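The residues making up each chain are set out below.
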Amino acid sequence: MSTMPPGPAPAPNQPAISLRELKRYFQHRGGIATRALDGVSLDIAAGEIFGIVGRSGAGKSTLIRCVNLLERPQSGEVRVLGEDLLALSDGALRERRRSIGMVFQHFNLLSSRTVAGNVAFPLEIAGVPKAERASRVTEALSLVGLTEKADAYPAQLSGGQKQRVGIARALAPRPRILLCDEATSALDPETTHDILRLIRRLRDKLDLTVLLITHEMAVVKEICDRVAVMEAGRVLEEGPVFDVFTRPHHPTTRSFIAGTIGHSVPPGTVARLPAARPGEERQLLQVLFAGPNSTRAVISEASRRFGIDLDIISGRIDEIAGEPFGLMALAAYGPPDKLQEAVLWFQELGLTVTPLAEAI
Ligand SMILES: Nc1ncnc2c1ncn2[C@@H]1O[C@H](COP(=O)(O)OP(=O)(O)O)[C@@H](O)[C@H]1O
Ligand SMILES: [Mg+2]
């Protein structure tokens, strides 16, 4: 027991980040409060890339800033690497923050410093001796592939290069955890892809835990292992990315996914559809399907089984984790009870069915 190393020694299988019932309200003039975080609980496992997706104002930045206590929740618990951060003294907290790197949307580089000077900055603050600083800067720049830009100034760099500097700066103190707040939101799609690939490579190589915030489901799809969907300060749902994409429970999640695969019904389509026959109904449905099952076979089977007509209005197929998944807009015609039975049957088969008006 006397040989215990200093600092936290997290038990195996314990989450790297554990948030419990976080609440953060902002009081405005006139007494109205914004519930930026309205009771958020999440566990992020060591070594995973965990995404938080949500629209602007959902509370994502407030949440990620609670993980290093740049923002203090009014109530709840923040455990990082097994330690209760809210219980630490200021000095101990400063120390622990070195194990939590952060990357920002707008890079936040110092324009008067060179690339190397920017990466050295957190090391200077931490009091790392000069010789070691130099070797850590070299190491960090090499990790992000910017060795030859050490003496350049931020103004001489492209957006993607600036973000690489931001990542190198976050890595210089050798953190265990990397927080990314919209790290690719200021970048074009090609550069976004490069930076995401870099983040994944760094996770693999350095065994980092990554918490990544984004308003783009495409980012989640490309890089995350698990995802939580946030709205109005709450987590609507969370799970492995494949599960959330293929079995979304909440309408907000479904609309995010539809946006990702660019599914829409051509304008004027609905107006051109035939009306329902007397005694029958017309329902417009969006069907989200996943996996190798032939959806067309399911549709013709439903038609036979329930004696209804099903027309495919539009459809789009994408791929996630090597499995096809897609969205289809259907017009269903038939007696109301038969339509209802068909929808239930689809759901039993694992398809997600939503009224089209709600879905797009
Ligand atoms: N310092 C602050 N003062 C007042 N309101 C804030 C502050 N920070 C965030 N908010 C409000 O909290 C909500 C969540 O903000 P934020 O966490 O930045 O969302 P997101 O990052 O998802 O866009 C928003 O309504 C925002 O206006
Ligand atoms: Mg934000």
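Novice: When you look at the overall build of the protein in this model, what are you seeing that I'm missing?
Specialist: Across its full length, the protein carries 13 helices and 14 strands. With the C-alpha coordinates aligned to their principal axes, the bounding extent of the protein is approximately 85 × 50 × 45 Å. Here the protein holds 360 residues, and the buried ones make up 39% of them. Summarising the internal contacts of the protein: among those between residues at least 6 apart in sequence, 69% fall at separations of at least 24.

Novice: Got a minute to help me understand the pairing of strand S6 (residues 100-103) in this structure?
Specialist: Along any regular strand the residues' side chains alternate between the sheet's two faces. With burial as the criterion, each face of S6 is covered, one bearing Ile100 and Met102 and the other bearing Gly101 and Val103. Where S6 lies against strand S7 (residues 177-181), 4 bridges are found, and the strand directions are parallel. Counted as the bridge partner of Val103 is Cys180 from S7.

Novice: Is there a simple way to explain the site of ligand 1 in this structure?
Specialist: Surrounding ligand 1, one finds Phe26, Thr34, Ala36, Gly54, Ser56, Gly57, Ala58, Gly59, Lys60, Ser61 and Thr62. When residues of the shell around ligand 1 are traced back to their parent elements, those giving at least two are strand S2 (33-44) and helix H1 (60-67). Ranked by the residues each element gives to the shell around ligand 1, the list is headed by H1, at 3 residues. Within the shell around ligand 1, the residues separate by chemical class into 3 nonpolar, 7 polar and 1 charged.

Novice: I would appreciate a short explanation of the packing of helix H5 (residues 159-171) against helix H6 (residues 189-206) in the present structure.
Specialist: Helix-helix packing is described using two parameters, namely the angle between the two axes and the distance between the axes. For the pair H5 and H6, interaxial distance at closest approach is 10 Å and the crossing angle is 20°. Here H6 runs roughly parallel to H5, going by the angle between their axes. For H5 against H6, the interelement crossing comes out right-handed. Here Gly159, Gly160, Gln163 and Ile167 of H5 come into contact with H6, specifically with Thr191, Asp194, Ile195 and Leu198.

Novice: What's the story with the domain arrangement of the protein in this structure? I'm lost.
Specialist: Reports often express the size of an interface as the amount of accessible area lost when the parts come together. Split into domains, the protein comes out as domain 1 (17-245) and domain 2 (261-359). A C-alpha centroid distance of 40 Å is found between domain 1 and domain 2.

Novice: How should I be thinking about the environment of Arg133 in this particular structure?
Specialist: By secondary structure assignment, the location of Arg133 is in helix H4 (residues 130-143). For Arg133, a count of 20 C-beta atoms within 10 Å translates into the label buried. Apart from residues no more than four positions distant in its own chain, Arg133 is found in contact with Ala120, Leu123, Glu124 and Val128.

Novice: I tried to follow the sheet that holds S7 on my own but got confused; where do I start?
Specialist: In space, the 6 strands of this open sheet follow the order S6-S7-S8-S3-S9-S10, with mixed pairing throughout. Bordering the open sheet on either side are S6 and strand S10 (234-240), each of which pairs with just one other strand. For this sheet, the mean angle separating the axes of adjacent strands, direction not counted, is 15°. Where S7 and strand S8 (residues 209-214) come together, 5 bridges link them in parallel fashion. What sits directly across from Asp181, in S8, is Ile213. Across the sheet, helix H9 (residues 251-260) touches strand S3 (49-53), strand S9 (226-231) and S10, and the angle it forms with S9 is around 115°.

Novice: Looking at this model, I keep getting lost on the pairing of strand S13 (residues 323-334). Mind explaining?
Specialist: Relative to S13, strand S11 (residues 281-290) runs antiparallel, the two being bridged by 10 bridges. Looking at S13, one finds that Gln286 is bridged to Ala329. Between strand S12 (residues 309-320) and S13, which pair antiparallel and follow one another directly, the connecting turn spans 2 residues, one of which, Ala321, has a positive phi of 50°.

Reading the values: the criteria
- Residues numbered from 1 in each chain as written.
- Chains lettered and ligands numbered in written order.
- Predicted model: local features only at pLDDT ≥ 70, side-chain atom pairs only at ≥ 80, totals over all residues.
- Helix = DSSP H or I, 4+ residues; strand = E, 2+ residues; numbered from the N terminus.
- Buried ≥ 20, exposed ≤ 12 C-beta atoms within 10 Å, placed from the backbone.
- Contact = placed C-beta atoms within 7 Å.
- Pairing = 2+ DSSP bridges.
- Near = placed C-beta within 6 Å.
- Nonpolar A, V, L, I, M, F, W, Y, C, P; charged D, E, K, R; others polar.
- Axes fitted to C-alpha atoms, helices over the stretch in contact; angles between N-to-C directions.
- Parallel < 35°, antiparallel > 145°, perpendicular 65-115°, else oblique.
- Left-handed = near helix turned anticlockwise from the far one by under 90°.
- Domains from an automatic or database assignment.

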